[in-house]
Amino acid sequence: MAIFKDIAGLRQWRQNLRGTLALVPTMGNLHDGHLALVKLAATRAEQVLVSIYVNPLQFGPQEDFANYPRTLDQDLQRLQEAGCQTVFTPDDGLMYPRGRQDISVVMPPRSLSTVLCGASRPGHFVGVCTVLNKLLHMASPEILVLGEKDYQQLRIVQQMLSDLNLNVQVLPGPLQREPDGLAYSSRNTFLSLAERQVAPLLAATLFDLARRSISGADVPGLAAAGRERLEQAGFLPDYLELRDGQSLRALTTPQPDARWFAAARLGQTRLIDNVIISG
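Please read all numbers here as calculations on a predicted model, not as lab measurements.

Visitor: Looking at this model, I keep getting lost on the sheet that holds strand S2 (residues 21-26). Mind explaining?
Guide: What links the strands of a sheet is backbone hydrogen bonding, and the strands pair in either a parallel or an antiparallel sense. Reading across the sheet, the six strands line up as S1-S4-S3-S2-S5-S6 and stay open at both edges, with parallel pairing between neighbours. Whereas interior strands pair on both sides, the edge strands pair on one side only; in this sheet they are strand S1 (2-4) and strand S6 (169-173). Mean inter-strand twist for the sheet, computed between neighbouring axes without regard to direction, equals 25°. Note that S2 and strand S3 (residues 47-52) share six bridges and pair parallel. The residue of S3 that forms the bridge with alanine 22 is valine 48.

Visitor: What's the story with the packing of aromatic side chains in this structure? I'm lost.
Guide: In this description, an aromatic ring pair is defined by two values, namely the gap between the centres and the angle between the planes. Inspection of the entire model under this criterion finds five aromatic pairs. Note on phenylalanine 59 and tyrosine 68: the rings are 5.8 Å apart at their centroids and 75° apart in plane angle, and the pair reads as edge-to-face. Side by side, phenylalanine 59 and tyrosine 68 carry an identical accessibility label, which is buried. It is arginine 70 that lies over the ring of phenylalanine 65; its NZ or CZ is 4.8 Å from the centre. Positioned above the aromatic ring of tyrosine 151, the side-chain terminus of arginine 259 is 4.0 Å from the ring centre.

Visitor: Would you take a moment to explain helix H10 (residues 201-214) for this structure?
Guide: Turn by turn, an α-helix covers 3.6 residues, leaving residues three or four places apart pointing in a common direction. The first and last C-alpha atoms of H10 sit 20 Å apart over 14 residues, in line with the 20 Å expected at 1.5 Å per residue. The set of residues buried in H10 consists of Leu201, Leu202, Ala203, Thr205, Leu206, Leu209, Ala210 and Ser213. Tucked inside the fold, the buried residues of H10 contact helix H9 (193-198), helix H11 (219-232), strand S7 (235-244), strand S8 (258-266) and strand S9 (269-276). Note on H10: the residue one or two positions beyond its end, glycine 216, has a positive phi of about 85°.

Visitor: Is there a simple way to think about the side chain of threonine 269 in this case?
Guide: Positionally, threonine 269 belongs in strand S9. Assessed through its relative accessible area of 2%, threonine 269 is described here as buried.

Visitor: Sorry if this is basic, but what is going on with the nonpolar core here?
Guide: For soluble globular proteins, the rule of thumb is that nonpolar side chains tend to be buried together. In this structure, Leu10, Leu49, Leu144, Val157 and Leu161 are the most contacted members of the largest nonpolar core, which totals 42 residues. If one sorts the elements of this core by residue count, helix H7 (residues 124-139) sits on top with nine residues. Residues in contact with leucine 144, not counting those within four places in the same chain, are Leu23, Pro25, Leu136, Val157, Leu161, Val168, Gln169, Val170 and Leu171. Counting 24 residues, the second largest nonpolar core, distinct from the first, contains Ala210, Ala258, Trp260 and Ile277.

Criteria and thresholds
Residues numbered from 1 in each chain as written. Predicted model: local features only at pLDDT ≥ 70, side-chain atom pairs only at ≥ 80, totals over all residues. Heavy atoms only, no water. Pairing = 2+ DSSP bridges. Helix = DSSP H or I, 4+ residues; strand = E, 2+ residues; numbered from the N terminus. Axes fitted to C-alpha atoms, helices over the stretch in contact; angles between N-to-C directions. Phe/Tyr/Trp six-rings, centres within 6.5 Å; stacked < 30°, edge-to-face > 60°. Buried < 20%, exposed > 50% of the residue type's maximum accessible area, 1.4 Å probe, protein only. Lys NZ or Arg CZ within 6 Å of the ring centre and 35° of its normal. Expected span 1.5 Å × (residues − 1). Contact = heavy atoms within 4.5 Å. Core = buried A, V, L, I, M, F, W, Y, C linked by side-chain atoms within 4.5 Å.

Take a look at the structure:
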């Protein structure tokens, strides 16, 4: 397995590459959801590149950057076992050689980035769009593979690529869940044993709301009932909303492609999830 740590080596490899390249960007601490994206990428491209980089630009001052799980050796082993042949592992000095205080950034579209997670994590999607642009320019892939768990991020990146006329196709990967329904996330490792038993209720609540939405139930009433259910179980909800799957516009009545979105803290861990109402 080739592991690149510098831009020059990565670009030389890319220049000599024949066939389509798919990039799977990650922050490491890989789980089965990440590996599903790698496998999906391999069905659409002759070569798959996985990047592993915990991007400080997308973390707020009070967020978990310092404690974010970093398991590079384990990640490389899992990727090799999964058949991945190429990995890019830049560090802060490579990604931000002048530091992060006075750099050019990529501004995401406001309509998509100031709602949901963007409302409570200001600057988060600026960091996401900036680092993805850097990775795309470094690796020059034809395909960018992103999971649907971070659905807001997926829509922002799709719009960003269109707005900036970047010739990169986004390949969405279906949200992957653990057997009890909890969406795979690197942050799941922060949950205590007791919290881990409660955590699947977030997904169960969304699936219940999605089923009840199809029957035409009152959306604000459903949202209020869902929040109460989560709060009684010990969650601290950030948001629980039905939104359009393309524009992310808030909805008061169900419509095709609408999704229930939720973010909630359980103890010190922030969990996010989403479910399409026809799913």
